[in-house]
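# Notes for the structure review
Okay, here's what each chain looks like letter by letter:
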Amino acid sequence: MNISIRPFQESDYPEVAVIYQQGIDTGIATFEVQAPTYGDWDLRFHKSCRLVAVTENKVIGWAALSPFSKRQVYSGVAEVTLYVSPLHQGKQVGFRLLSALIDASENAGFWTLTAHIFPQNKASLALHQKLGFRILGVHEKIARRNGNWQDNTFLERRSAKIY
């Protein structure tokens, strides 16, 4: 399968939203319950680090960075979001997207990337660790969904570059 990674374009959002909703529907990808409108999604993510994986002119995955904090001292820290279409999982799409996102983040001046991943999402945890993220700990019972407490694993990756 020929996969290319390229910058996100606004016209990609309908496909991105479908993939996002598919991830939401798994129950182990996010605390969100519905994919946001494009306007809300656009406000949530940094403009400089938004990528899509494409094959045969179809978006099959996406990755983006969101601010870790609004405080200036944290301007080089961002949180990773990454989703792959269920039909394309296990085919190195996530690896290629996250690798490209790491490169893009370093080129944009980010020195630390964070991720919050459900402990049940073993594939995502393994992918992040394979690319240099380390587990800092688990936020136990950090949120309640459908009456059940949920944990979240907190990871970070420091850039090998010095800014």
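Look up a bit, the structure's there.
First, a word on scope: everything that follows refers to the structure included in this document. (Residues numbered from 1 in each chain as written. Predicted model: local features only at pLDDT ≥ 70, side-chain atom pairs only at ≥ 80, totals over all residues. Heavy atoms only, no water.)

## A look at the nonpolar core
With 25 residues, the main nonpolar core has Leu65, Leu98, Leu101, Leu113 and Phe133 as its most contacted residues. Of all the elements in the fold, those that place two or more residues in this core are strand S2 (50–55), strand S3 (58–67), strand S4 (77–84), helix H3 (93–107), strand S5 (112–117) and helix H4 (122–130). With six residues, H3 is the largest single contributor of residues to this core. Aside from chain neighbours lying at most four places away, what touches Leu113 is Leu65, Ala78, Val80, Ile102, Ser105, Phe133, Leu155, Glu156 and Arg157. Among the nonpolar cores identified, the runner-up in size contains 16 residues, and Phe8, Val16, Ala17 and Phe45 belong to it. (Core = buried A, V, L, I, M, F, W, Y, C linked by side-chain atoms within 4.5 Å. Buried < 20%, exposed > 50% of the residue type's maximum accessible area, 1.4 Å probe, protein only. Helix = DSSP H or I, 4+ residues; strand = E, 2+ residues; numbered from the N terminus. Contact = heavy atoms within 4.5 Å.)

## Concerning helix H1 (residues 13–26)
One full turn of an α-helix is made of 3.6 residues, so residues set three or four places apart face in the same direction. Under the 1.5 Å per step criterion, the end-to-end length of H1 is 20 Å for 14 residues, consistent within 8% with the ideal 20 Å. For H1, every residue scored as buried is listed here: Tyr13, Val16, Ala17, Ile19, Tyr20, Gly23 and Ile24. One face of H1 carries all of its buried residues, which in axial projection span an arc of 165 degrees. Exposed side of H1, more than 90 degrees from the buried face: Pro14 and Asp25 are the residues found there. The secondary structure elements touched by the buried residues of H1 are helix H2 (38–44), S2, S3 and S4. (Expected span 1.5 Å × (residues − 1). Arc of directions from axis to C-beta.)

## Brief notes about the packing of aromatic side chains
For the structure shown, the criterion picks out 12 aromatic pairs. Ring centres of Tyr13 and Tyr38 lie 5.4 Å apart, and the angle between their planes is 65 degrees; on these two criteria the pair is classed as edge-to-face. In this pair, Tyr13 sits in helix H1 while Tyr38 sits in helix H2, placing the two residues 25 residues apart along the sequence. Taking relative accessible area as the criterion, Tyr38 reaches 22% and is therefore assigned partly exposed. Residues Tyr20 and Tyr83 carry aromatic rings whose centres are separated by 4.9 Å and whose planes lie at 55 degrees to one another, so their mutual orientation is tilted. You can see Tyr20 sitting in helix H1 and its partner Tyr83 sitting in strand S4, a full 63 residues away along the chain. There is no split in this pair, since Tyr20 and Tyr83 are both buried. Pairwise contacts between aromatic rings join Phe8, Tyr13, Tyr20, Tyr38, Trp41, Phe45, Trp62 and Tyr83 into one cluster. Directly above the ring of Phe95 sits Lys130, whose terminal nitrogen or CZ lies 5.1 Å from the centroid. (Phe/Tyr/Trp six-rings, centres within 6.5 Å; stacked < 30°, edge-to-face > 60°. Lys NZ or Arg CZ within 6 Å of the ring centre and 35° of its normal.)

## Re the side chain of His128
With respect to the secondary-structure elements, His128 resides in helix H4. We classify His128 as buried; its relative accessible area is 3%. Leave out the neighbours within four places in its chain, and His128 touches Val80, Leu98, Ala115, Ile117, Phe133 and Leu155.

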